[in-house]
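Each chain, letter by letter, is given below.
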Protein chains: 2
Amino acid sequence: MDLERSISALNNPVRRKIVEWLKDRSNFPPALPEHEGLEGVCVGYIQEKANLSQSTISNYMGLLKQAGFVIAERHGQWTFYRRDEDNIKAFFDAVQKELL
Amino acid sequence: MDLERSISALNNPVRRKIVEWLKDRSNFPPALPEHEGLEGVCVGYIQEKANLSQSTISNYMGLLKQAGFVIAERHGQWTFYRRDEDNIKAFFDAVQKELL
DNA sequence: TCCATATATTTAGATATCTCGATATTATGG
DNA sequence: CCATAATATCGAGATATCTAAATATATGGA
């Protein structure tokens, strides 16, 4: 739980939105048939929704992953990102403990 | 509740420390006799503890104030800062609502 | 009024973050 | 193997943040 890194990752409105969007898969287009049953959302869908360049979103997802907010799983050419609920809770606990 | 501004204010280890220190008045030297009964801690004490320049701390306190984490009250030449517990809670609620 | 003290504001150089285009990497299908 | 697609990484210019020194403002006391 690196609070510095986590807060820094959240210090951007689009990155916060992405974490929020990932709460509900239906915020994105339906998965391809061959991806049925896989958890998470691929980078392309996130990029489309965020409307920023591919490299920016890939970078964002890397930051969110390092911060522990999302888990990445590669399947073929796709990387699927999903929330890491346990780490997200741990972050809240840490912030609360430090500040509240 | 400007989440952007609040997270930005917390995106610095010393500023977070200051908010934490202010939880307990005894983290600072005792108040001057003429300040007995006044709430908060003067900028000089905070600066001493943080060990950064006067202008930096003054700037920090301004950011924390704009973000709603502290309340400033001037008494004579001194400005006393104390936590704004209600706003701090509101911040947590907002983050939780958005992310959790 | 003049001076000392506490804090705020201004200014600026150093460093970090943002965002993109270009390129590299990895995987798939023919 | 080649072409294509999805994602990651690199490099760079624009913008923001950090932090301090210098200066300004406000107050209190001699």
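The structure under discussion appears in the preceding block.
Here we summarise the structure given alongside this text. (Residues numbered from 1 in each chain as written. Chains lettered and ligands numbered in written order. Predicted model: local features only at pLDDT ≥ 70, side-chain atom pairs only at ≥ 80, totals over all residues. Heavy atoms only, no water.)

## Section: the interface of chain A and chain B
When the parts of a complex come together, some accessible area is lost, and that lost area is often used as the size of the interface. The interface of chain A with chain B comprises 21 residues on the first partner and 20 residues on the second. Both sides together, the interface formed by chain A and chain B hides about 2100 Å², and carbon and sulfur atoms give 58% of it. The largest per-residue losses of area from chain A upon contact with chain B belong to Arg16, Phe92 and Leu99 of chain A, which jointly make up 32% of the total buried on that side. The interface formed by chain A and chain B contains four salt bridges. Among the ionic pairs, glutamate 4 of chain B bridges to arginine 16 of chain A, the shortest N-O distance being 2.6 Å. Our count for the chain A to chain B interface comes out at twelve residue pairs in polar contact (both at pLDDT 80 or more). Residue contributions to the side of chain A that touches chain B peak at eight residues, all from helix α5 (residues 85–99) of chain A. (Contact = heavy atoms within 4.5 Å. Buried area = accessible area lost by both parts, 1.4 Å probe. Salt bridge = Lys/Arg side-chain N within 4 Å of Asp/Glu carboxyl O. Polar contact = N/O pair within 3.5 Å; in protein donor to acceptor, adjacent residues only side chain to side chain. Helix = DSSP H or I, 4+ residues; strand = E, 2+ residues; numbered from the N terminus.)

## What about the packing of helix α1 (residues 3–10) of chain B against helix α5 (residues 85–99) of chain B?
All names here are of chain B. With their axes 11 Å apart at the nearest point, α1 and α5 run at an angle of 105° to one another. If you check the angle between α1 and α5, you find them roughly perpendicular. On α5, the residues that touch Leu3, Ser6, Ile7 and Leu10 of α1 are Phe91, Ala94, Val95 and Glu98. Classifying every residue of the contact of α1 with α5 by side-chain character gives six nonpolar, one polar and one charged. (Axes fitted to C-alpha atoms, helices over the stretch in contact; angles between N-to-C directions. Parallel < 35°, antiparallel > 145°, perpendicular 65-115°, else oblique. Nonpolar A, V, L, I, M, F, W, Y, C, P; charged D, E, K, R; others polar.)

## Let's talk about the protein's contact with DNA strand C
Close to DNA strand C lie 23 residues, the nearest being Thr56, Asn59 and Tyr60 of chain A together with Gln54 and Gln77 of chain B. For DNA strand C, the backbone makes up 65% of the atoms found within 4 Å of the protein, where backbone means sugar plus phosphate. Side-chain polar atom of asparagine 12 of chain A to a phosphate oxygen of DNA strand C: 3.4 Å apart, as the coordinates give it. One of the side-chain nitrogen or oxygen atoms of threonine 79 of chain B is found 3.0 Å away from a sugar or linking oxygen of DNA strand C. Sorting the residues of the surface near DNA strand C by element identifies α4 (54–66) of chain A together with α3 (43–50), α4 (54–66) and β3 (78–83) of chain B as the ones contributing at least two each. Looking at the surface near DNA strand C element by element, the count peaks at four residues for α4 of chain A. Split by residue class, the surface near DNA strand C holds six nonpolar, 14 polar and three charged. (Near = heavy atom within 4 Å.)

Keep in mind these values describe shape, not function.
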